[in-house]
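Residue-level listing of the chains:
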Amino acid sequence: MLQGVGVAPFKSTSEWLPSILEQQHMMGTTIMAVEFDGGVVLGADSRTTTGAYIANRVSDKITPLAERIYCCRSGSAADTQAISDYVRYYLSIHELDLDDWPLVKTAASICRELCYSNKDRLLAGMICAGWDPHYGGQVYTIPLGGTMVRQPYSIGGSGSTYIYGFCDAHFQKGMSREQCIEFTKKAIALAMTRDGSSGGVIRLVVVEESGVSREMIAGQDLPSISAE
Amino acid sequence: MGDSILTYNGGCVLAMAGKNCVAIAADRRFGVQQTTIGTDTTRIFKINDRLMLGLTGLRTDVITLYHRFVQRLNLYRLREEREIKPASFSNMVASTLYSRRFAPYFVEPVVAGLTEKGEPYLCAQDLLGAPLFAQDFVVSGTCAESLYGTSETFWKPDLSPAELFEVTSQSLLAAVDRDCLSGWGAVVHIITLDGIETKFLKARMD
């Protein structure tokens, strides 16, 4: 049995450091992506938290991986930023080799490889979506363990649990670009109302062959929820 | 996020003093950790026309304590044949909390009122009944630190009731907008010698 004067009374910093210094920046979040004929709509809220404190209320969780490929990030802010930086780097080199628009499936696969191989150390749920000339608009979801699944639409983050019913009831195959935008806005607004970890503004990104457009919907312009 | 029983339901209260008036304000959220369940909760209770009590913390204890105080106040009125003074009520709250020193009520109360002469009285307590008396403002709840920051910035002495309403509202809204567990509506009560005026604020519902 080791006995000495220099034995520390605490086993880890979490015992004496105030919790705000210990806690990671998390993106308890609502993220979403919907595919339409010719492109995708990506949507997200804008809240980043450190514990219960809102560290950033206007964060941008929709990050570009390539010119026509974006990803929505949820989970640890640091982990998802690192992953998307790596994916952007590998994808840019691949694009030079390919000399063509990179496939969305390629971007999602690189993302998946990073998430799966490091699954014991990462806390990252990502939705990779975009457009390529071969397969058009596509949405791939990569949840916590590193699975990759293509879906017509995908929701993620802590706020998504509140909108599964709404999305199941309101999603239809073959919706137009405008219908997809409205669907995304309403779903995220509903999640922001119920989930403490989601809020701020709704960020929307529409990716299609002709280009990428960004929109921000702030508080007063949020779609109204009738239950108030 | 789920580390303390005091933050389980969320919510906050702020009380400020002006010239012969006090304002007491709170958010209206009721949640279970991150999930928001209600947006019309009352955490400020009227004691009499010059005294109000705000209770933050575990919702079940807030409700239980409110009923307990109603019971004790009714008995007080019957025995004393008068309304209770703010300082005496504050003491009643503190001793009720301390009576549960080793199995506490998980609430952090704020007492706000006017003395007979019309002077503001503010008192905040921790869950064991330790009182903090202030001449400017007192805060309580999950975003207490943020409330300290905004109140310190906006408060100044001798505010009129209209100015006090504005300062209290802005301090509360700015603080709850940085807290995941507070918000979803807000209410402000302004207590003057003429009575209590209640206003609901239009707040962010996220």
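Residues numbered from 1 in each chain as written. Chains lettered and ligands numbered in written order. Predicted model: local features only at pLDDT ≥ 70, side-chain atom pairs only at ≥ 80, totals over all residues. Heavy atoms only, no water.

S.K.: So what's going on with the UniProt feature "active site" (unreviewed entry) in chain A? Residues and values would help.
M.R.: Residues and elements named next belong to chain A. As annotated in UniProt, the feature "active site" (unreviewed entry) corresponds to Thr29 in the numbering used here. With respect to the secondary-structure elements, threonine 29 resides in the loop between β1 (26-27) and β2 (31-36). Accessibility expressed as a relative area gives 0% for threonine 29, which makes it buried. (UniProt positions renumbered as here; feature names shortened; annotations may be inferred. Helix = DSSP H or I, 4+ residues; strand = E, 2+ residues; numbered from the N terminus. Buried < 20%, exposed > 50% of the residue type's maximum accessible area, 1.4 Å probe, protein only.)

S.K.: So, the interface of chain A and chain B: which residues are in play, and what are the values?
M.R.: Think of interface size as the accessible area that goes away when the parts come together; that is how it is often given. Of the residues lining the interface, 22 residues belong to chain A; the matching set on chain B comes to 15 residues. Counting the surface lost from both chain A and chain B, the interface buries some 1,600 Å², and carbon and sulfur atoms represent 43% of this. The largest per-residue losses of area from chain A upon contact with chain B belong to Ala52(A), Arg57(A) and Arg194(A), which jointly make up 28% of the total buried on that side. Scanning the region where chain A abuts chain B turns up one salt bridge. The salt bridge involving Asp206(B) is made with Arg47(A); its shortest N-O contact spans 3.5 Å. Counting every contact that joins chain A to chain B gives twelve residue pairs in polar contact (both at pLDDT 80 or more). Counting residues per element, the ones that place at least two in the side of chain A that touches chain B are β5 (53-56) and α5 (177-194) of chain A. Residue contributions to the side of chain A that touches chain B peak at four residues, all from β5(A). In the side of chain A that touches chain B, the residues fall into seven nonpolar, ten polar and five charged. (Contact = heavy atoms within 4.5 Å. Buried area = accessible area lost by both parts, 1.4 Å probe. Salt bridge = Lys/Arg side-chain N within 4 Å of Asp/Glu carboxyl O. Polar contact = N/O pair within 3.5 Å; in protein donor to acceptor, adjacent residues only side chain to side chain. Nonpolar A, V, L, I, M, F, W, Y, C, P; charged D, E, K, R; others polar.)

S.K.: So what about helix α4 (residues 161-176) of chain B? Which residues, and what values?
M.R.: Look at α4(B): 22 Å from first C-alpha to last across 16 residues, which is about the 22 Å you get at 1.5 Å a residue. If you follow the buried residues of α4(B), they end up packed against β1 (12-17), β2 (22-27), α3 (144-154), β11 (186-192) and β12 (195-201) of chain B. (Expected span 1.5 Å × (residues − 1).)

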